[in-house]
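Here is how the chains run, residue by residue.
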Amino acid sequence: QVQLVESGGGLVQAGDSVRLSCAAAGRTSTPYPMGWFRQAPGKEREFVAAMRLSGNSIYYGDSVKGRFTISREGEKNTVFLQMNSLKPEDTAVYYCALRTSYLLSSRSASDYDYWGQGTQVTVSS
């Protein structure tokens, strides 16, 4: 079993920056692909970013490209999401995800096997 623990988030103003962290505990000896998704009230879960190892198979959602950066701590299953130039439409619960079934990152939520509890990011205008 794997547990994902997220931290960061909170209430910020438009234009601010926030950094989210996610650390995996449990069966984590292999550096698995990890990703970030978000879900706003009344909307479907949206892909934000994903990566395998550092500099490898990195993807971003169109709405965050150029503003958000995903990174990870070496080959550990710890991933970060640096969010810059935040907009009110970025307001959502952000979820960290880990994929153990296949060693490539993915944009599809259904490809991920473990999920964090979510952390709220609220951007005021």
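Draft legend 1. The arrangement of the state of the cysteines in detail. Inspection of every chain in the model, using the stated rule, returns one disulfide. Each sulfur in the disulfide pair Cys22 and Cys96 lies 2.0 Å from the other. Negative torsions about the S-S bond denote left-handed disulfides, and the value of about -75° found for Cys22 with Cys96 makes this one left-handed. With a gap of 74 residues between them, Cys22 in strand β3 (residues 18–26) and Cys96 in strand β9 (residues 92–98) connect regions that are remote in the sequence. We note that Cys22, like Cys96, is buried.

Draft legend 2. Molecular detail of the packing of aromatic side chains. The tally for this structure, following the rule as stated, stands at four aromatic pairs. Note on Phe37 and Trp115: the rings are 5.2 Å apart at their centroids and 55° apart in plane angle, and the pair reads as tilted. Highlighted residues: Phe37 in strand β4 (residues 34–39) and Trp115 in strand β10 (residues 114–115), separated in sequence by 78 residues. Exposure remark for Phe37: the relative accessible area of 1% places this residue in the buried category. Judged by its relative accessible area of 28%, Trp115 falls in the partly exposed class. Within the aromatic cluster, the residues linked to one another by ring pairs are Phe37, Phe47, Tyr112 and Trp115. A cation over an aromatic ring shows up here: Arg19 above the ring of Phe80, its NZ or CZ 4.0 Å from the ring centre.

Criteria and cut-off values
- Residues numbered from 1 in each chain as written.
- Predicted model: local features only at pLDDT ≥ 70, side-chain atom pairs only at ≥ 80, totals over all residues.
- Heavy atoms only, no water.
- Disulfide = S-S within 2.5 Å.
- Helix = DSSP H or I, 4+ residues; strand = E, 2+ residues; numbered from the N terminus.
- Buried < 20%, exposed > 50% of the residue type's maximum accessible area, 1.4 Å probe, protein only.
- Phe/Tyr/Trp six-rings, centres within 6.5 Å; stacked < 30°, edge-to-face > 60°.
- Lys NZ or Arg CZ within 6 Å of the ring centre and 35° of its normal.

Note that every value here comes from positions in space, so none of it alone points to a role or purpose.
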